[in-house]
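Structural characterization, general
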Amino acid sequence: MALRLLILVLCAGSIMGIAIGFRQGLGLYLPFVSQGLGGRETFALSMGLMNLFWGLGAPVAGAIADRHGPGRVAAAGGLAYAAGLWLMVVGGAGELLASGVLIGLGLSGTGFTVLLGAVGRAAPPEQRGKALGLAAMGGSLGQFLALPYIHGLIDGTGWQTSLIILAASALLIVPLALGTAGRPAQTAGEQTMGETFSQAMASRDFWLLSAGFFVCGFHLAFVAIHLPAYLSDRGFEPWLGAAALTVIGFANIVGSYVFGALGDRYPRKNVLGVLYLMRAAAFAGFLVLPMSPTVVLTLAGLLGLTWLGTVPLTSGLVGTIFGIRYMSMMFGLVFVGHQIGGFLGAWMGGVAFDAFRSYDVMWQLSVALGVLSAALHWPIRESRPATA
């Protein structure tokens, strides 16, 4: 791997590690923030708005990065992210919802679409899957390290002070963005951004990929926000929720690279289909198996193997079908579906619990959606249209 590509992969992975890692740990604040709000729905709605604005901002941030480079976009995203974390400390309902919007916009500049688009453009085709997998591993490693970091901060300083420290930590994204700076190269005779967009809107494969990624967002947001509370409701000690999310993050380090590498050897759409069936099986386990710490951590490990493995596969498919010139924008458009799913997964989890005092309906829905997503990926045509 060339030195410039290696620096880009390391910096992109580090930025995603901070952004995705901290985002993954926000569910640990649900019990504290919800105490004065009369229920879990407001916090769940804030996290839903975070996912929604992450998705809505992703194609815009991606389009800016495709034209002007990812460095400035990532730096601006880091500043918005830190501001949103600081605003959570205020704790009122309005400020909490505003913090979700700011964190979401911050993630649109520091998350997968901008940075994996840059990696995908820089990597040669025969190394693209591995390069994307290595960069995505940064998000996985960040999740693994961030959860015990956040849990320790909450225990050691209290939840409000911990959020201030977390906001300061998020500012590390700004200097790391320098390692991703640089404008994409222009090529004579290539498609325009508008032509690429029009091609996607008319493509059946785009809509199948977006629908499948919707399910991924639903799954991830529901588990990240509500799994610690679910385990607490079942009578387990708080450490198990943090441990389960940490196991997900650890297994995800392996899964992100392995699934990315598999995408270089086998059709990515087929690998995605198998991945979603594995995830559906893990969700079914939460419904049918007797819960114990061992069972919880085992199921968390299975979920972790499939967690961000969708990202190098889906982004790789985007590059194959629509080309790499506007990969950040195109992955951002597909990512909108992911984040609409994330909004519903986070918010509906709170609504379902407040209505039924149980998460069973959410586990059942997650199983059904996993099977549906597997089916949606099989008919995708993994090649670039002749008109592109």
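The following refers to the structure shown. Computed from a prediction, not measured in an experiment: that's the story for all the values here.

Details of helix α1 (residues 3–24)
- With 22 residues, α1 extends 30 Å from end C-alpha to end C-alpha; this agrees with the ideal 32 Å at 1.5 Å per step.
- Taking burial as the measure, the 22 residues of α1 include 16 buried ones, the bulk of the element.

Thoughts on empty space enclosed by the protein
- Scanning the entire structure with this criterion turns up 1 cavity of 30 Å³ or more.
- The calculated volume of the largest cavity comes to roughly 40 Å³.
- Surrounding the largest cavity, I20, R23, Q24, W54, F112, L220, W307, L308 and H338 form its lining.
- Top element by residues in the lining of the largest cavity is α1. It accounts for 3 residues.
- Taken together, the residues of the lining of the largest cavity sort by class into 6 nonpolar, 2 polar and 1 charged.

As for the packing of aromatic side chains
- Considering all chains together, one arrives at 18 aromatic pairs under this definition.
- On the numbers, 6.3 Å between centres and 25° between planes, the contact of F22 with Y149 is stacked. With a gap of 127 residues between them, F22 in helix α1 and Y149 in helix α7 (residues 128–157) connect regions that are remote in the sequence.
- The exposure class assigned to Y149 is partly exposed, which follows from its relative accessible area of 34%.
- By way of ring pairs, the aromatic residues F222, Y230, F283, F286, F353, Y359 and W363 are connected into one cluster.

Notes on the pattern of salt bridges
- Scanning the model with the defined rule gives 6 salt bridges in all.
- A salt bridge links R204 to D205; the nearest nitrogen and oxygen atoms lie 3.7 Å apart.
- A salt bridge links E382 to R268, with the nearest nitrogen and oxygen atoms 3.9 Å apart. With E382 in the segment after α17 (360–377) and R268 in helix α13 (residues 268–288), this pair connects stretches of sequence that are 114 residues apart.
- R268 gets classed as buried once you look at its relative accessible area, which sits at 9%.
- In this structure, a network of salt bridges that share partners links the residues R204, D205 and R381.

Quick notes on the rules
- The residue count restarts for each chain, going from 1 along the sequence in the order it is written.
- Since the coordinates come from a predicted model, pLDDT governs what is reported: local features require at least 70, and pairs of side-chain atoms require 80 or more to be given and counted, while whole-chain, interface and lining totals use all residues.
- With hydrogens and water set aside, each side-chain value is computed from the structure's full complement of heavy atoms.
- A run of DSSP states H or I qualifies as a helix once it reaches four residues; a run of E qualifies as a strand once it reaches two. Both are numbered from the N-terminal end.
- By definition here, a helix of n residues has an expected span of 1.5 Å times n minus one.
- Relative accessible area decides the class of each residue, using a 1.4 Å probe on protein chains only: under 20% of the type maximum gives buried, over 50% gives exposed, and in between gives partly exposed.
- Put simply, the grid is 1 Å and covers the protein atoms alone, a cavity is a trapped set of points that fit a 1.4 Å probe, a pocket is an open set with protein on both sides within 12 Å along at least five of seven lines, and lining residues have an atom within 4 Å of a point.
- Grid points are joined across faces, edges and corners, and a volume is the space filled by probe spheres set on the points.
- For this scheme, ten residues count as nonpolar: Ala, Val, Leu, Ile, Met, Phe, Trp, Tyr, Cys and Pro. Four count as charged, namely Asp, Glu, Lys and Arg, and the remainder, Gly too, count as polar.
- Between rings of Phe, Tyr and Trp, where Trp is taken as its six-membered ring, a pair exists when centres lie within 6.5 Å; planes separated by under 30 degrees are stacked, by over 60 edge-to-face, and by other angles tilted.
- In what follows, salt bridge is the name for a side-chain nitrogen of Lys or Arg lying within 4 Å of a carboxyl oxygen of Asp or Glu.

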